[in-house]
Amino acid sequence: MINSSPFSLNGHNILITGASSGIGAAVAVLAAKNGAVCIINGRDEIRLNGILENLEGEGHIAINMDLSERNGKELVKQAVAVKASINGFVHCAGIEKTLPFRITEMSDLREIMKINLEAYWDIIQEILRRGNHKENLSIVSLGSVAAQYGAAGKTAYSASKGALISLTKSLAAEYANKKIRFNCVCPGYVDTPMLSNIRQLYASESDFSDAIIKKHPLGLGMPEDVAGAVVYLLSDASRWITGSVLTVDGGYGVR
Amino acid sequence: MTIDEKLNLIAETLDADRKNINSLTVLKTLDEWDSMGTISIISMLDRKFGKVLTADEIAELKTVQDILDMMCA
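Sequence order as written defines residue numbering, which begins from 1 separately in each chain. The naming scheme follows written order: chains are lettered A onward, ligands numbered 1 onward. The predicted nature of this model means local features are confined to residues of pLDDT at least 70 and side-chain atom pairs, given and counted, to a pLDDT of 80 or more, with totals for whole chains, interfaces and linings taken over all residues. Side-chain metrics in this entry use all non-hydrogen atoms of the structure; hydrogen atoms and water are not considered.

*Asks:* So what exactly am I meant to see when it comes to the overall build of chain A here?
*Replies:* Looking only at helices and strands, chain A has 9 helices and 7 strands in total. On the principal axes, the C-alpha backbone points of chain A span a range of 50 × 40 × 40 Å. Here's how the labels work: a residue is buried when its accessible area is under 20% of the maximum for its type, exposed when over 50%, partly exposed in between, all with a 1.4 Å probe on protein chains only. Within chain A, buried positions represent 53% of all 255 residues. A contact between two residues is defined here by any heavy atoms of the two lying within 4.5 Å. Across chain A, every contact between residues at least 6 apart in sequence was considered, and the portion connecting residues at least 24 apart equals 71%. Shrake-Rupley sampling with a 1.4 Å probe provides the accessible areas, and residues are treated as covered by the protein chains on show and by no other component. When the accessible area of chain A is evaluated, it comes to approximately 11600 Å², of which 51% is carbon and sulfur surface. Numbering of helices and strands runs from the N terminus; a helix is a DSSP stretch of H or I covering at least four residues, while a strand is a stretch of E covering at least two.

*Asks:* Looking at this structure, I do not really get the state of the cysteines. What am I missing?
*Replies:* Residues and elements named next belong to chain A. In what follows, a disulfide is any cysteine sulfur pair within 2.5 Å. Counting across every chain of the model gives 0 disulfides over all chains. The thiol sulfur of Cys 38 is not disulfide-bonded, and the nearest other cysteine sulfur, from Cys 92, lies at 11 Å. Using a relative accessible area of 0% as the deciding quantity, one classes Cys 38 as buried.

*Asks:* Would you mind showing me how to read the interface of chain A and chain B here?
*Replies:* Note on interface size: it is often stated as the accessible area lost on association of the parts. Taken together, the contact between chain A and chain B spans 14 residues of the former and 14 residues of the latter. Interface of chain A and chain B: buried area, both sides summed, is about 1100 Å²; carbon and sulfur atoms make up 62% of it. The term salt bridge refers to a pairing of a side-chain nitrogen on Lys or Arg with a carboxyl oxygen on Asp or Glu at a separation within 4 Å. Our count for the chain A to chain B interface comes out at 1 salt bridge. Of the charged contacts in the structure, one is a salt bridge between Asp 108 of chain A and Arg 47 of chain B, with a shortest N-O distance of 2.7 Å. Here the quantity called buried area is the total loss of accessible area, with a 1.4 Å probe, experienced by two parts when brought into contact, counted for both.

*Asks:* When you look at the pairing of strand S3 (residues 61-64) of chain A in this model, what are you seeing that I'm missing?
*Replies:* It is a general feature of regular strands that their side chains alternate between the two faces of the sheet. Residue and element names in this part refer to chain A. Covered by surrounding structure in S3 are Ile 61 and Ile 63 only, the residues Ala 62 and Asn 64 on the alternate face being uncovered. The pairing criterion is simple: DSSP has to find at least two bridges between the two strands. In terms of strand pairing, strand S2 (residues 37-42) meets S3 through 4 bridges, oriented parallel. Across the sheet, residue Gly 42 finds its bridge partner in S3, namely Asn 64. Look down the strands so they point away from you; if the path from the first strand over the helix to the second goes clockwise, the crossover is right-handed. In this view, the connection linking S2 to its parallel neighbour S3 by way of helix H2 (residues 45-53) has right-handed handedness.

*Asks:* Please clarify how the side chain of Ser 8 of chain A should be interpreted in this entry.
*Replies:* If you trace the backbone, Ser 8 of chain A turns up in the segment before strand S1 (13-17). Here the side chain of Ser 8 of chain A touches Asn 10 of chain A through a polar contact of 2.9 Å, landing on its backbone nitrogen. Nitrogen and oxygen atoms within 3.5 Å of one another constitute a polar contact, given that in protein one can donate a hydrogen and the other can accept it, and given that sequence-neighbouring residues count only through two side-chain atoms.

*Asks:* I'm lost on the environment of Gly 243 of chain A in this one. Help?
*Replies:* Residues and elements named next belong to chain A. Locating Gly 243 in the fold gives a position in the loop between helix H9 (223-234) and strand S7 (245-248). Take Gly 243: its relative accessible area is 17%, and that puts it in the buried class. Along the chain, Gly 243 and Cys 184 lie 59 residues apart, while their C-alpha atoms are 7.5 Å from each other. Other than its neighbours up to four places away in sequence, Gly 243 contacts Thr 168, Lys 169, Ala 172, Phe 182 and Asn 183.

*Asks:* How should the packing of aromatic side chains be read in this particular structure?
*Replies:* The geometry of an aromatic ring pair comes down to the distance between the two centres and the angle between the two planes. All names here are of chain A. Here the aromatic set is Phe, Tyr and Trp, taking the six-membered ring for Trp, and pairing holds for ring centres within 6.5 Å; pairs whose planes are under 30 degrees apart are stacked, those over 60 apart are edge-to-face, and all others are tilted. The tally for this structure, following the rule as stated, stands at 5 aromatic pairs over all chains. With a centroid separation of 5.9 Å and 50 degrees between ring planes, the pair formed by Tyr 175 and Phe 182 is classed as tilted. Classification of Phe 182 as buried rests on a relative accessible area of 0%. An aromatic cluster of three or more residues is present, and its members are Tyr 149, Tyr 189 and Tyr 252.

This is how it looks when you write it as structure tokens:
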């Protein structure tokens, strides 16, 4: 039944970075459930293989690679060597640092940019090469409410995510004539390993709740809450959507 | 690093007036000891002293002396 639905990803080869945990892992699970063949990438080989084993369907592959080495193009080459071409790409790999601006060093900014922006740049440039992608390619990046509304202590992170939003819009304009779509999903705070790192910075659960959880009228999100939006943007159901920023934040923006 | 150098570093990290920083200073009395100040101290201890604080250790930081005790490298 699902295979005839415009929401289906049946037969689509989807490359997903940051797929060994959090939102990336949830995207892989849901995309596979909707018929996609997933090419999952992550730094942690054991966790990545654990996700791979739990994907529905057949033909999924895992490529263990640390994207901080400017090897995004190599990732695509390996993916294409096995799967011929790509229908969709989701950049979930990302790093976050909570640091006041006055002690955020240029090296912190560069470390964040390498993964959050430069890896995305390298990967899509290679995917866009003739022969590496199929028609109706859909590319989804992960922004953040930190980029939309600002967040104290997250200047470098929000700058990287803001750059992704701007890049998404310009790429959408540049590639619309080829029917290649670029969209950005901006999640609120989601219960992931990244959030666990932030939680440790607060002296008590109460402080954390006041600073983060209570700012989401629908409560803290789960990775699956974001995965649904991503899979929608990968599917043909969203074929008239490009250059958009889809906020998935449990009401964070209306607080 | 001498005690005075450590106190200078704490003041600089908190962006606080050095005159207000001594080992007996109660952190809560400093305007700069807000969430950003706390995160700054946590980051400084990690980067300069390789000390990663647990949530319990963060909660136990009451005076400047408590921070000095963590600055052992």
